[in-house]
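# An overview of the molecular structure
Spelled out from the first residue to the last, the chains are:
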Amino acid sequence: MSPDAATAGVEISDTSAGTEIHEQLSGLMNPQSIAVIGASAKAEGWSGMAVPVLRRLGYTGRIFPVNPKYEELNGLPCYPSVSAIPEPVDAALMFVPQRALPDLLEECGKKGVRGAVILASGFSETGEEGKALEERLREVANRNRIAICGPNCLGLANLESGFMGLTAATFPEDMSAGRTALISQSGQLLMVLLARAHDQGVHMRYLVSTGNELNVEAADYASWALQDPEIASVCMSLEGLRTPSRFLDLAERARAAEKPLIVLKLGRSQRAARTALAHTGKMAGAFRTYEAVFRQNNIVSVDDPLELADVAALFEKCPAPRGARISVVTFSGGWSGVMADQAEALGLPMADFTEETVEKLKLLLDFTPPVNPLDLSGNVNNHPERWGASLEAVLADANTDIMVVFIHQVREAWRGRLIDPVLELAKTSQKPIVVVYDGGKVVEAGYERLAADRSLPIYRGSQQMLKALKRFVDYHARKGVGQADAATPEIPSEAAETVEGLLAQGGRSLSENTAKTALRAYGLPMVRERLVRTEGEALAAAGEIGFPVVMKGLADGMEHKSDAGLVHLGLSDADAVRGAFADLDGKLSGHTLNGESAPCIVQKMVKGGVEAILGMQNDPDFGPMILLGVGGVMTELLDDVALRRAPLSYRDAQEMIDETRLGQLLDGFRGAPRADRAALEDAILRLSALSVAHAGTIDSIDINPVLVLPEGEGCVAVDALIVKPEAEA
């Protein structure tokens, strides 16, 4: 059962509706009144720190401590129970043992509480007993329409309003709100990212440690944050998805809002996936599938936790770039070369200065040429004013889309001379300005000044910066193209009925010829062939099809025919056909296909063409995923494939080809004729249509190879396999 099917009946709201969950989340994320249940006078614990922290951060809503042991806490009346509070309560912070939670949650429901933060652990992440307790909490919460953060979490915070429901050992000193939301299924990872982002001058607006996601998931928090016009981006650290459809709905909302989702997907390795399951009770999905879904929905995927802040800094502090051309200004020839090499390796183009810019720079340079990267070297030492003038000239250059300023080890007295002109330009620039301030502790004061100013993205290393810049540029390039509609090739009206009839046959997989019949029903081009059971039938088929031919044996459990020695290629005459049939007849003796004696197929030997693999895997999270790559016997070794979630658009099909070596091969590699790319694109879209139409009855499809013939001659599949779900077999 898919995660969507497993949870559809118990969540607070239906994903398609969305409105009610956002209303409940407003009570949780932006409460006007808070009950601190289990509040205490113990200053060393969070039950005692919660009220003082709320006051320190400037929370202006009503605060109601709840604990029958006290009549007053922190100068506020303390109530024996939630029901005793004489005013409405939006949210509850719950500092109580896990066993007390169901009854307290019932009381909160009667009070009209809309959201609660449950910090306690010991639920589904611990085993069956904990899972049962979590299910009981879910039932109480959903029945009372209470949005739950947690359990097994560090909580959440709205730094704009001063609401701090987040528990941690330390916080940055300045907790003023920024324009970024950070949502993590790991609480400790959230706190490390918060601290590192602050070091970089990136302040958060919303912080959420989602924990076990009782009835509110990471995607729900992100969707709520996107409604805030001040939000520049939403960063997410995900171990897995409980309800993938919610995440896909979030991606659509982000696209409509023109705000990026920046996602770190954990659980890429098998060991990390097991850790994710033990940690939060969520099984991590296959990383390659997630990457395909991210790309298709223009979600910015990062490889390292610290990259979240690196990329978020650009979206928060920079205007959208008009292109990808970079100009670098520094005062080191060595670092100029390093930056040029790193940018080229990442596919980021360096700008060529216009003649006008070159002439401006000639007047400012005594020792170095006016080229990009621009090395000012001794020019700045002797004429400090040339630093700012050079920056202005480069930023104004018509070919410069993004300016990178590299500042490294400098004398203390020079700090202001270098930093002030950059900050001044940032006030009015319509182009992104990015600063790399590197040189170790001796220049840390300069870095800290730029970070504290918060007007420019700042990095300690060029590689770190360029990697983030590449993701920033790629996002805006794809955003500019826009979303493409799913393509719907013309499919015969009887195709669906034909395929379902074939799938109704027994066995876990369809034989090669039956699979080809199913694929042919949707218009996918198949090689000409005939099923044969005797030598005479084989000779007749070869004569009808025309030499040379291929002969294969078909049997249950022997889907990989080449490995089993069941393929004879290049049979050019009748004697070759007789010999091949005799060999296959011997190997197939005692084997069956769908309860009958194992047959052979004779098919046309197709020569030439580019070999591709085309397939589908029905993913438990995202449904049919279409695969394309370099085909043939080397497919698994080369591992050169692209994935997309069906249904596909024409652009998806085109991008899949170009993501692999197929793009070059189809264009005519090393003098070969150009192949029929349009025919392959059509085949991809037809497989997409078939996969969507039969998502419930097909587990996987493997068409390998598809031979893409010279331009105008089409393409043809010479082998195919269709596997049904285990329940359907």
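Residues numbered from 1 in each chain as written. Predicted model: local features only at pLDDT ≥ 70, side-chain atom pairs only at ≥ 80, totals over all residues. Heavy atoms only, no water.

Time to look at empty space enclosed by the protein. Scanning the model with the defined rule gives five cavities of 30 Å³ or more in all. Estimates place the volume of the largest cavity at around 130 Å³. Lining the largest cavity are 14 residues; nearest its centre among them are L510, S511, E512, A555 and E559. For the lining of the largest cavity, the elements supplying multiple residues, two or more each, are β20 (509-510) and β32 (720-723). Looking at the lining of the largest cavity, its residues break down into seven nonpolar, three polar and four charged. (1 Å grid on protein atoms, 1.4 Å probe; cavity = no way out; pocket = protein on both sides within 12 Å on 5 of 7 lines; lining within 4 Å. Points joined across faces, edges and corners; volume = space filled by probe spheres on them. Helix = DSSP H or I, 4+ residues; strand = E, 2+ residues; numbered from the N terminus. Nonpolar A, V, L, I, M, F, W, Y, C, P; charged D, E, K, R; others polar.)

Along an α-helix, residues three or four positions apart point the same way, because every turn accommodates 3.6 residues. Between its first and last C-alpha, helix α5 (residues 128-143) extends 23 Å over 16 residues, near the 22 Å set by a 1.5 Å rise per residue. Looking only at α5, the buried set comprises G130, L133, E134, L137, R138, V140, A141 and N142. Its buried side turned inward, α5 meets α4 (101-111), β6 (115-118) and β7 (147-149). Just downstream of α5 lies R145, where phi reads positive at about 55°. (Expected span 1.5 Å × (residues − 1). Buried < 20%, exposed > 50% of the residue type's maximum accessible area, 1.4 Å probe, protein only. Contact = heavy atoms within 4.5 Å.)

The next thing to look at is the environment of G712. For G712, the location among the structural elements is in the loop between β30 (700-708) and β31 (715-717). A residue is classified by how much of its surface remains accessible, and G712, at 68% relative accessible area, is exposed. Linking G712 and K587, residues 125 residues apart in sequence, is a C-alpha distance of 40 Å.

This next bit is on the layout of surface pockets. Within this model, the second largest pocket holds a volume of roughly 560 Å³. Taken together, 22 residues make up the lining of the second largest pocket; nearest its centre are E291, R295, I299, S301 and R471. When residues of the lining of the second largest pocket are traced back to their parent elements, those giving at least two are α10 (287-296), β14 (300-302), α18 (462-481) and β29 (641-645). Ranked by the residues each element gives to the lining of the second largest pocket, the list is headed by α18, at six residues. Of the residues assigned to the lining of the second largest pocket, the class counts are nine nonpolar, two polar and eleven charged.

Before going further, it helps to spend a moment on helix α6 (residues 187-199). Along its 13 residues, α6 runs 19 Å from first to last C-alpha, staying within 8% of the 18 Å computed at 1.5 Å per residue. Those residues of α6 not exposed but buried are G187, L189, L190, M191, L193, L194, A197 and H198. Each element contacted by the buried residues of α6 is listed here: β9 (163-166), β10 (180-184), β11 (204-209), β12 (233-238), β13 (261-265) and α11 (305-317). Capping of α6 at its N-terminal end is provided by S186; its side-chain oxygen lies 3.3 Å from the backbone amide nitrogen of L189. A positive backbone phi angle near 80° is found at G201, which sits one or two residues after α6. (Polar contact = N/O pair within 3.5 Å; in protein donor to acceptor, adjacent residues only side chain to side chain.)

Below, the discussion takes up the sheet that holds β11. What the seven strands build is an open sheet, ordered β9-β8-β11-β10-β12-β13-β14; its pairing is mixed. Two strands bound the open sheet, and with one partner strand each, they are β9 and β14. Sheet twist, expressed as the mean angle between neighbouring strand axes with direction ignored, is 15°. Here β10 runs beside β12; their pairing, made up of five bridges, is parallel. In the strand pairing of β12, L182 is matched with C235. In the packing of α6 onto the sheet, the strands contacted are β9, β10, β11, β12 and β13, and the crossing angle to β11 comes to about 160°. (Pairing = 2+ DSSP bridges. Axes fitted to C-alpha atoms, helices over the stretch in contact; angles between N-to-C directions.)

Moving on, we get to the nonpolar core. Formed by 106 residues in total, the largest nonpolar core has its most connected members in L207, Y221, V234 and L469. For V234, the contacting residues outside a window of four places in its chain are A181, I183, A222, A225, L226, P260, L261 and I262. One finds V499, L503, L524 and I698 within the second-largest nonpolar core, a separate group that totals 45 residues. (Core = buried A, V, L, I, M, F, W, Y, C linked by side-chain atoms within 4.5 Å.)

Turning next to the packing of helix α12 (residues 333-346) against α18. The angle between the axes and the distance between the axes are what describe a pair of packed helices. Close contact between α12 and α18 brings their axes to 10 Å; oriented N to C, the two are set at 35°. As α12 runs across α18, the sense of the crossing is right-handed. Each of W335, V338, M339, Q342, A343 and L346 in α12 lies in contact with α18, whose residues at this interface are S462, Q463, M465, L466, K467 and K470. Looking at side-chain class alone, the contact of α12 with α18 contains seven nonpolar, three polar and two charged residues. (Left-handed = near helix turned anticlockwise from the far one by under 90°.)

So, about the sheet that holds β6. Across the sheet, five strands lie side by side as β2-β1-β5-β6-β7; this open sheet has parallel pairing. The open sheet has two edge strands with one neighbour each: β2 (62-66) and β7. Each strand axis lies, on average, 20° off the axis of its neighbour in the sheet, ignoring direction. Against the sheet, α4 makes contact with β1 (33-37), β5 (91-94), β6 and β7, and its axis sits at roughly 165° relative to β5, the strand it touches most.

Let us look at the packing of aromatic side chains. The full count for this structure, using the stated rule, is eleven aromatic pairs. Measuring from ring centre to ring centre gives 6.3 Å for Y59 and F163, while their planes differ by 50°; the resulting arrangement is tilted. Of this pair, Y59 sits in the loop between α3 (46-56) and β2 while F163 is found in strand β9, placing the two residues 104 residues apart along the sequence. Neither residue differs from the other here; Y59 and F163 are each classed as buried. Taken together, a centroid distance of 6.1 Å and an interplanar angle of 65° make the contact between F64 and Y79 edge-to-face. Of this pair, F64 sits in strand β2 while Y79 sits in the loop between β4 (76-77) and β5, placing them 15 residues apart in sequence. A residue is classified by how much of its surface remains accessible, and F64, at 2% relative accessible area, is buried. The class for Y79 is buried, based on a relative accessible area of 16%. (Phe/Tyr/Trp six-rings, centres within 6.5 Å; stacked < 30°, edge-to-face > 60°.)

Following the sequence through the fold, Q200 ends up in the loop between α6 and β11. In this structure the side chain of Q200 is engaged in a polar contact, spanning 3.4 Å, whose partner is the backbone oxygen of I458.

Now for the pattern of salt bridges. Enumeration according to the criterion identifies 49 salt bridges in this entry. Between E135 and R138 there is a salt bridge, and its shortest N-O distance comes to 2.5 Å. One end of the pair, E135, and the other, R138, are both in helix α5, three residues apart, so they sit about a helical turn from each other. The class for R138 is buried, based on a relative accessible area of 8%. Put simply, R325 and D401 hold a salt bridge, and the shortest N to O gap is 3.0 Å. Remark: D401 occurs in the loop between α15 (385-396) and β17 (402-407) and R325 occurs in the loop between α11 and β15 (326-330); sequence separation between them is 76 residues. Among the charged side chains, a salt-bridge network with shared partners connects R295, R478, R644, D652, E655 and E659. (Salt bridge = Lys/Arg side-chain N within 4 Å of Asp/Glu carboxyl O.)

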